[in-house]
Amino acid sequence: MASGNDKPRETATPSASPVPINETSRARSIATRLTDAEFGEVEAAAADAGKKVAEWLREAALAHALASAGAEGQTDPILLAEIMGMRSLMLNLFARASEGPLTTDDLRKMSAYSDSIKEQRAQDYMAQRRRRNSPKATDKP
């Protein structure tokens, strides 16, 4: 654990990175300050990944920046599918409940239906979003 008087350590020769760049061309740096607890968390994460702190931070920062650049990188497909399944289940429950009491069989069927369509609904939603966000084809000469 680093004390408050320790200066940031430089990494002279980082190992291979998923970013295809000549390591000797890295001339820019970013400095930040962390509490001892934060530094411990970062150091532990780097060690778990088998990387030096500077390498791990660089890769984490670049991965986050690249994910933020693309909207799809921000959307977890499993989480989206579960949300779409819950949405379908809730809509069907409210619609059916307005007609009268629900049976256990009604609930089982609605739940099975929601599970069966959730992945396709999530894919359809993402496809719609890509179409909305993509450049128009009419912009070409």
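Residues numbered from 1 in each chain as written. Predicted model: local features only at pLDDT ≥ 70, side-chain atom pairs only at ≥ 80, totals over all residues. Heavy atoms only, no water.

Scanning the protein chain from terminus to terminus reveals four helices and zero strands. Along the protein chain, helices and strands appear, N-terminal first, in the series α-α-α-α. Looking at the protein chain as a whole, 18% of its 141 residues are labelled buried. Taking contacts inside the protein chain between residues at least 6 apart in sequence as the whole, the part at least 24 apart equals 57%. As presented, the protein chain carries roughly 11,300 Å² of accessible surface, and 58% of it is formed by carbon and sulfur atoms. (Helix = DSSP H or I, 4+ residues; strand = E, 2+ residues; numbered from the N terminus. Buried < 20%, exposed > 50% of the residue type's maximum accessible area, 1.4 Å probe, protein only. Contact = heavy atoms within 4.5 Å. Areas by Shrake-Rupley, 256 points an atom, 1.4 Å probe, with all protein chains shown as cover.)

Within the largest apolar cluster, five residues are counted, these being Leu-80, Ala-81, Met-84, Ala-122 and Met-126. Of all elements in the fold, only helix H3 (77–97) and helix H4 (104–133) reach the threshold of two or more residues within this core. Here the element with the most residues in this core is H3; it accounts for three residues. Apart from residues lying up to four places away in sequence, Ala-81 is in contact with Lys-118, Glu-119 and Ala-122. (Core = buried A, V, L, I, M, F, W, Y, C linked by side-chain atoms within 4.5 Å.)

Let's shift gears to the confidence of the model for the protein chain. For the protein chain, per-residue confidence averages 81 on the pLDDT scale, and 74% of positions sit at 70 or higher. When mean pLDDT is compared element by element in the protein chain, helix H1 (residues 36–48) scores highest at 95, while helix H2 (residues 53–69) scores lowest at 84. Note on residues 7–17: pLDDT is under 50 here. Beyond four places in sequence and across chains, it has 17 contacts. (pLDDT = per-residue confidence, 0-100.)

With that out of the way, let us pick up the pattern of salt bridges. All told, the structure shown has six salt bridges when counted by the stated rule. For Glu-59, the salt bridge is made with Lys-51, and the minimal N-O distance between the two is 2.3 Å. The partner of Glu-82 in a salt bridge is Lys-118, and the shortest N-O contact between them spans 2.6 Å. Of this pair, Glu-82 sits in helix H3 while Lys-118 sits in helix H4, and the two are 36 residues apart along the sequence. On the accessibility criterion, Glu-82 (38% relative accessible area) is partly exposed. Three or more residues are tied together by salt bridges with common partners; here these are Glu-82, Asp-115 and Lys-118. (Salt bridge = Lys/Arg side-chain N within 4 Å of Asp/Glu carboxyl O.)

With relative accessibility at 10%, the residue Lys-118 sits in the buried group. Side chain to side chain, Lys-118 and Glu-82 meet in a polar contact 2.6 Å long. Not counting the four nearest positions on each side in its chain, Lys-118 is found in contact with Ala-81, Glu-82, Met-84 and Gly-85. (Polar contact = N/O pair within 3.5 Å; in protein donor to acceptor, adjacent residues only side chain to side chain.)

A few words on a nonpolar patch on the surface. Taken together, the side chains of Met-86, Met-90 and Phe-94 present a nonpolar region at the surface, about 320 Å² in accessible area. In this fold, Phe-94 is placed in helix H3. (Patch = residues over 30% accessible without salt bridge, like charges linked within 9 Å, V, L, I, M, F, W, Y side chains within 5 Å.)

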